[in-house]
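The lines below spell out each chain.
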Amino acid sequence: MLERVVRLNADYARAIDDDRLEDWPGFFTEKCLYKVTSADNHRRGLEVGVIYADSNGMLRDRVAALREANIYERQTYRHLVGLPAIVGAEGEVTRAETPFLVVRIMHDGTMDLFATGRYLDALVDDGGVLRLRERVVVCDSSRFDTLLAIPL
Amino acid sequence: MLERVVRLNADYARAIDDDRLEDWPGFFTEKCLYKVTSADNHRRGLEVGVIYADSNGMLRDRVAALREANIYERQTYRHLVGLPAIVGAEGEVTRAETPFLVVRIMHDGTMDLFATGRYLDALVDDGGVLRLRERVVVCDSSRFDTLLAIPL
Amino acid sequence: MLERVVRLNADYARAIDDDRLEDWPGFFTEKCLYKVTSADNHRRGLEVGVIYADSNGMLRDRVAALREANIYERQTYRHLVGLPAIVGAEGEVTRAETPFLVVRIMHDGTMDLFATGRYLDALVDDGGVLRLRERVVVCDSSRFDTLLAIPL
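Note that the coordinates shown come from a computational prediction; the quantities given were computed from them, not determined experimentally. (Residues numbered from 1 in each chain as written. Chains lettered and ligands numbered in written order. Predicted model: local features only at pLDDT ≥ 70, side-chain atom pairs only at ≥ 80, totals over all residues. Heavy atoms only, no water.)

Draft legend 1. Just the relation of the copies chain C and chain B, in detail. Screw-axis analysis of chain C against chain B gives a translation of 0.0 Å along the axis, an RMSD of 0.0 Å, and a rotation angle of 120°. Within this description, the copies of the chain are treated as partners about a three-fold rotation axis. Each copy contacts the other with its own distinct surface, as only 18% of the interface residues of chain C are interface residues in chain B too. (Least-squares fit on C-alpha atoms with pLDDT ≥ 70 in both. Contact = heavy atoms within 4.5 Å.)

Draft legend 2. Region of the structure containing the pairing of strand S7 (residues 129-139) of chain C. All names here are of chain C. When strand S1 (residues 28-38) meets S7, the two strands line up parallel, connected through seven bridges. When the bridges of S7 are listed, phenylalanine 28 appears paired with leucine 132. Here strand S6 (residues 111-126) hands over to S7 after two residues, with glycine 127 in that stretch at a positive phi of 65°. (Pairing = 2+ DSSP bridges. Helix = DSSP H or I, 4+ residues; strand = E, 2+ residues; numbered from the N terminus.)

Draft legend 3. Representation of the pairing of strand S3 (residues 75-81) of chain B within the structure. Residue and element names in this part refer to chain B. Among the seven residues in S3, six count as buried, and that is most of the element. Looking at chain direction, S3 and strand S5 (residues 93-106) are connected through seven bridges and run antiparallel. Looking at S5, one finds that glutamine 75 is bridged to methionine 106. (Buried < 20%, exposed > 50% of the residue type's maximum accessible area, 1.4 Å probe, protein only.)

Draft legend 4. Focus on the pattern of salt bridges. All names here are of chain A. Overall, the coordinates contain 57 salt bridges over all chains when judged by the stated rule. One salt bridge connects arginine 118 with glutamate 97, and the closest N-O pair in it is separated by 3.4 Å. With arginine 118 in strand S6 (residues 111-126) and glutamate 97 in strand S5 (residues 93-106), this pair connects stretches of sequence that are 21 residues apart. Comparing arginine 118 with glutamate 97 shows no difference in burial state: the two are buried. (Salt bridge = Lys/Arg side-chain N within 4 Å of Asp/Glu carboxyl O.)

Draft legend 5. Seen up close, the interface of chain A and chain B. If you look at the interface, chain A gives 20 residues, while chain B gives 17 residues. For the pair chain A and chain B, the interface holds two salt bridges. Of the charged contacts, one joins aspartate 140 of chain A and arginine 78 of chain B as a salt bridge, the two residues approaching to 2.8 Å between their closest N and O atoms. The interface formed by chain A and chain B includes four residue pairs in polar contact (both at pLDDT 80 or more). Going through the elements one at a time, strand S3 (75-81), strand S4 (85-90), S5 and S6 of chain A are the ones with two or more residues in the side of chain A that touches chain B. At six residues, S6 of chain A tops the list of elements feeding residues into the side of chain A that touches chain B. Residues belonging to the side of chain A that touches chain B are distributed by class as follows: twelve nonpolar, four polar and four charged. (Polar contact = N/O pair within 3.5 Å; in protein donor to acceptor, adjacent residues only side chain to side chain. Nonpolar A, V, L, I, M, F, W, Y, C, P; charged D, E, K, R; others polar.)

Draft legend 6. The interface of chain C and chain B, seen in detail. Between chain C and chain B, the contact holds 17 residues from the first and 20 residues from the second. Counting the surface lost from both chain C and chain B, the interface buries some 1500 Å², and carbon and sulfur atoms represent 64% of this. Inspection of the chain C/chain B interface yields two salt bridges. The closest approach of N and O atoms between glutamate 97 of chain B and arginine 14 of chain C, which form a salt bridge, is 3.3 Å. (Buried area = accessible area lost by both parts, 1.4 Å probe.)

Draft legend 7. Fine view of unusual backbone geometry. The phi torsion at aspartate 19 of chain B lies on the positive side, around 65°, for a residue other than glycine. The residue aspartate 19 of chain B is located in the loop between helix H1 (2-17) and strand S1 (28-38) in this model.

Draft legend 8. Quick peek at the confidence of the model for chain A. When the pLDDT values of chain A are averaged, the result is 91; 96% of them are 70 or greater. Predicted complex metrics record ipTM = 0.88 and pTM = 0.92. (pLDDT = per-residue confidence, 0-100.)

Draft legend 9. Just the packing of aromatic side chains, in detail. Counted according to the given criterion, the structure contains 24 aromatic pairs over all chains. Plain terms: the ring middles of tyrosine 12 of chain B and tyrosine 119 of chain B are 6.0 Å apart, the flat faces sit at 70° to each other, and that makes the pair edge-to-face. Taken together, the positions of tyrosine 12 of chain B in helix H1 and tyrosine 119 of chain B in strand S6 (residues 111-126) put the pair 107 residues apart, joining distant regions of the chain. Accessibility classification places tyrosine 12 of chain B together with tyrosine 119 of chain B in one group, the buried group. Taken together through their ring pairs, the aromatic side chains of Tyr12, Trp24, Phe27, Phe28, Tyr34, Phe100 and Tyr119 of chain A make up a single cluster. A cation over a ring is seen here: arginine 135 of chain B above tyrosine 119 of chain B, with NZ or CZ 3.6 Å from the ring centre. (Phe/Tyr/Trp six-rings, centres within 6.5 Å; stacked < 30°, edge-to-face > 60°. Lys NZ or Arg CZ within 6 Å of the ring centre and 35° of its normal.)

Right under this line is the structure:
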């Protein structure tokens, strides 16, 4: 399972960093949860996230909106994803935690440390393909860039 | 062995980044060495380290002191740990070298590149559990932050 | 194959970061291509690179020049290399893509995010050893530091 999670993470990051955003919803099951939140809010049990989507359709809408906004003209990302820890299994669902770091590269060439944090995932085998039923992106910093737009 | 070292590193980083400091000494054997030094000092063979502990009790004392200082109120870490290279084996001891990068997140949300370097480890199977008999943390930069307090 | 590529990447990064530059050409086949370019130029199909070498001899010359310039007196690198994706296989050649991040540490101790990007590799088994027939280093930022000198 560990190796499958590692590959999923690598493919997920590569799709975003290569500007293949349309592939991104495909990493999630049809019914799913994608949320970006801060460590502070997560610790306090706040359900609210900076970004929240609870269906694959919402993820696809998000990609369409990003395309319209032409966000990739202005910035790209580079994900560095650490090794996942498998932290649980309940029935068909595997739970994993994975640290990440994202560097943002602006169009003028400047780079900055954009975000660090961990993915809290619920994974299922979806017809032979490992997919995310849930990905809660817990960012270490609660100072969110207003440009936060590309999926983490 | 490689996979066991990878898991140990992932668990070690996660314990620190999740603020489960009390779990940290458990990654070391009872008799152990934990040292933080700079590449410069390491190259010149200087034994002295910025942080030095040669027993598990000293590690536990260190955690107690950190708790008292409430250091986690002010900062957290995010470790990104690379792939270990197994560089030797003498009897029961495996030697590994692993690169790392640590981002520090301050309470106000600012992030900075806190440290990079490599772990020089001596690992043993301690009753079925892989533990560190020795972890020398060689930081690339010799400019140590005076706040250096949380384990690397 | 994935595991062999992972090890090659770890060894490659370690040779550079440990200042064993003389070992660096040994990761390439005799006839080879090493190129550093930007994502922008790569996307536009521009063949030109900031650094370009098409034989192992050119790589060795480069190392000799770096030694003469004493570049390591002034800076070192720390590579963090992500998980490779095996993206193709044609005959004896395996193609892989791997994200990386490089931190530069100056002699005065300052650290900066030097480069991020991905390795586009063509790998071959060269008498039992996996070697690079081609490594195109595609940097995300097109703002290249004039000090760009140590291999990426």
